[in-house]
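# Survey of secondary and tertiary structure
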Amino acid sequence: MLLKVKRVLTHLGSAVRVLDAEEARAIDDALSGIAEAVEGRAFESHFADLLSREPELPLHLRDRVTHIAAEAKNSFRDQRN
């Protein structure tokens, strides 16, 4: 009989959600990379999914950054006038 393994993301001892295998592997790699970095060893290989692309802000922060940038631009323009 084969058992199906499920990985669960937890926070402070409470289950948040079930992870698929790929996401669980990425989290395991990231945790291993952090441990390697703390011990002063090479860690980049544990973050291959991040090194191969440009960083992106999460959607919930993109609007905020755009709003702050617009406010700063308007403030600068007002100061020049």
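Residues numbered from 1 in each chain as written. Predicted model: local features only at pLDDT ≥ 70, side-chain atom pairs only at ≥ 80, totals over all residues. Heavy atoms only, no water.

Taking an unreviewed UniProt entry as the reference, the protein is identified by name as Hydrogenase expression/formation HupF/HypC family protein belonging to Rhizobium etli.

Our next topic: the overall build of the protein. Counting secondary structure elements, the protein contains three helices and two strands. N-terminal to C-terminal, the α/β element order of the protein is β-β-α-α-α. In terms of C-alpha radius of gyration, the protein reaches 20 Å, well past the compact-globule figure of 12 Å for 81 residues. Expressed as a percentage of its 81 residues, the buried residues of the protein come to 6%. Sequence separation of at least 24 residues holds for 0% of the intrachain contacts in the protein that already meet a minimum separation of 6. A total accessible area of about 7500 Å² is found for the protein, and carbon and sulfur atoms account for 58% of it. Taking the 12 positively charged and 14 negatively charged side chains of the protein as two groups, their mean positions are separated by 5 Å. (Helix = DSSP H or I, 4+ residues; strand = E, 2+ residues; numbered from the N terminus. Rg over C-alpha atoms; globule rule 2.2 N^0.38 Å. Buried < 20%, exposed > 50% of the residue type's maximum accessible area, 1.4 Å probe, protein only. Contact = heavy atoms within 4.5 Å. Areas by Shrake-Rupley, 256 points an atom, 1.4 Å probe, with all protein chains shown as cover. Lys, Arg positive; Asp, Glu negative; His and termini not counted. Charge placed at Lys NZ, Arg CZ, Asp CG, Glu CD.)

Here we come to a negative patch on the surface. A contiguous patch of negative charge, built from Asp20, Glu22, Asp29 and Asp49, is present on the exposed surface. Summarising the element assignment, Asp20 is placed in the loop between strand S2 (14–19) and helix H1 (21–38). With relative accessibility at 47%, the residue Asp20 sits in the partly exposed group. (Patch = residues over 30% accessible without salt bridge, like charges linked within 9 Å, V, L, I, M, F, W, Y side chains within 5 Å. Salt bridge = Lys/Arg side-chain N within 4 Å of Asp/Glu carboxyl O.)

This part is about the pattern of salt bridges. Scanning the model with the defined rule gives five salt bridges in all. Taking the shortest distance from any N to any O, the salt bridge between Arg7 and Asp28 comes out at 2.6 Å. Of this pair, Arg7 sits in strand S1 (residues 7–11) while Asp28 sits in helix H1, and the two are 21 residues apart along the sequence. For Arg7, a relative accessible area of 41% corresponds to the partly exposed category. On the accessibility criterion, Asp28 (31% relative accessible area) is partly exposed. Sharing partners across several salt bridges, the network here consists of Glu36, Glu39 and Arg41.

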